[in-house]
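A closer look at the structure
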Amino acid sequence: IEAGIPLFTGFAVSNAVRMGRLGAEAAQSGYERARAGVTFGITRQWLTVLLSRRLAELAADSVSAAETELKAARMLKDKGMVPGADYYGAEAILSTLRGYSLNWNKALDLEKEKLAITLGMDTSAGVEAEGALNEASYAEKTRDELEAAVSSGRRDIKALEKMAAVSKTSETMQKDSLLPTVEAFGAWEANSESLSDFRSNRLVGLRLTVPLGDPAYFARKDAAKAETSMAASRLDEARKQASIEAAESLSNYTAAKESLPVAKETLE
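Residues numbered from 1 in each chain as written. Predicted model: local features only at pLDDT ≥ 70, side-chain atom pairs only at ≥ 80, totals over all residues. Heavy atoms only, no water.

1. Quick word on the layout of surface pockets
The method is simple in principle: a probe with the dimensions of a water molecule rolls over the atoms, and the space it marks as empty is what remains. Condition: Buried and open spaces are told apart on a 1 Å grid over the protein atoms alone, a cavity being a set of points where a 1.4 Å probe fits but cannot get out and a pocket being an open set with protein on both sides within 12 Å along at least five of seven lines. Residues with an atom within 4 Å of a point are the lining residues. Grid points are joined across faces, edges and corners, and a volume is the space filled by probe spheres set on the points. In this description a helix means any DSSP run of H or I spanning at least four residues, a strand means any run of E spanning at least two, and both kinds are numbered starting from the N terminus. The classification used treats Ala, Val, Leu, Ile, Met, Phe, Trp, Tyr, Cys and Pro as nonpolar, Asp, Glu, Lys and Arg as charged, and all other residues, Gly among them, as polar.
Volume-wise, the largest pocket comes out at about 990 Å³. Forming the walls of the largest pocket are 22 residues, and the residues nearest its centre are Leu51, Leu133, Asn134, Tyr138 and Leu260. For the lining of the largest pocket, the secondary-structure elements that each account for two or more residues are helix H1 (12–78) and helix H5 (217–267). Among the elements that make up the lining of the largest pocket, the one with the highest residue count is H1 (nine residues). Per-class residue counts for the lining of the largest pocket are 13 nonpolar, four polar and five charged.

Here is the structure:
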């Protein structure tokens with residue numbers, strides 16, 4: 001029976017602990033990123049249902065108003081008034097509006113079904129989305145604000161940063177694998193042909209282990225260096241992609257904000 005206590009492991013233990021901690025932090029960041037993605041997807045689908053329902057309501061109101069107008073025009077026609085191009089144009093518009101109403105009602109049913117699937121609910125249960133869309137005020141956004149949000153809040157980038165640190169630590173471990181290790185040990189040995197004649201030997205001491213002539217050292221070190229470089233490349237690519245997404249988001253946001261006055265004018 002032998003037991004040993006490591007006194008110096010060439011930093012293998014401390015590096016392994018650090019790698020485990022970084023891996024756990026990377027996994028947590030990945031989990032939070034996935035959870036945020038699920039939350040975003042559900043919220044987006046909920047808002048889509050609200051939008052589809054509002055469009056269906058507007059289409060129904062437009063059909064009702066057009067039918068009222070045409071009803072009055074038909075009364076005049078029955079009294080002998082000869083209808084002009086406006087009358088037949090109005091009939092064509094009414095048919096178009098009925099088509100819109102049908103399409104938006106079908107779209108609403110589809111979006112409700114997609115919301116039920118997203119929530120893991122029975123699609124035949126008739127899922128409804130509470131709430132209504134209202135006009136909101138939209139603050140000014142700048143590229144610097146979005147870049148700051150990307151650098152501090154993107155969980156996928158945080159996870160990749162941790163994984164890059166894990167690879168770097170692994171590379172350090174491989175470089176340090178030539179260092180000697182020291183341990184305190186105690187051993188107890190027994191050897192006897194019978195239980196009545198039980199001889200034993202005890203030994204305590206320090207053991208120094210030095211790896212000499214390891215043929216795989218340079219291969220392991222080069223492989224760890226390549227892993228570190230690959231992890232750094234992934235992180236750099238993710239940061240570039242996040243910057244591109246931030247620019248696209250800012251452009252879409254600014255365009256939508258600037259188009260609001262035009263939409264209001266059109267509505268009036």
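There is more to say, and it comes next.
2. Some words on unusual backbone geometry
The phi angle of most residues is negative, glycine excepted, and most peptide bonds adopt the trans form. Heads up, the rule is: Throughout this description, buried means an accessible area under 20% of the type-specific maximum (1.4 Å probe, protein chains only), exposed means over 50%, and partly exposed covers the range between.
Its identity as a non-glycine residue notwithstanding, Phe11 has a phi of 65 degrees, on the positive side. Judged by its relative accessible area of 43%, Phe11 is partly exposed.

3. What to know about the sheet that holds strand E3 (residues 197–209)
Worth spelling out the cut-off: Paired strands, in this sense, are two strands between which DSSP finds at least two bridges. The axes used here are C-alpha line fits, helices contributing only the stretch in contact, and every angle between their N-to-C directions lies in the interval 0 to 180 degrees.
With antiparallel pairing, the three strands of this open sheet are ordered in space as E1-E2-E3. The open sheet has two edge strands with one neighbour each: strand E1 (2–8) and E3. With strand direction ignored, the average angle separating the axes of adjacent strands in the sheet is 10 degrees. Relative to E3, strand E2 (residues 181–194) runs antiparallel, the two being bridged by twelve bridges. Across the sheet, the residue bridging to Trp188 is Arg202, located in E3.

4. Remarks on the pattern of salt bridges
Spelled out, the test is: A pairing counts as a salt bridge when a side-chain nitrogen of Lys or Arg comes within 4 Å of a carboxyl oxygen of Asp or Glu.
For the structure shown, the criterion picks out 20 salt bridges. Among the salt bridges present, the one from Glu140 reaches Lys257, with a minimum N-O distance of 3.1 Å. Of the two residues, Glu140 sits in the loop between helix H2 (85–119) and helix H3 (143–153) while Lys257 sits in helix H5, which places them 117 residues apart along the sequence. With relative accessibility at 59%, the residue Glu140 sits in the exposed group. Owing to a relative accessible area of 26%, Lys257 belongs among the partly exposed residues under this scheme.

5. Brief notes about the side chain of Asn15
Heads up, the condition is: Contacts: residue pairs with any heavy atoms within 4.5 Å of one another.
Within the element layout of this structure, Asn15 appears in helix H1. In this structure Asn15 comes out as buried when scored by relative accessible area, which is 12%. Excluding its chain neighbours within four sequence positions, the residues that come into contact with Asn15 are Thr169, Thr172, Met173 and Asp176.

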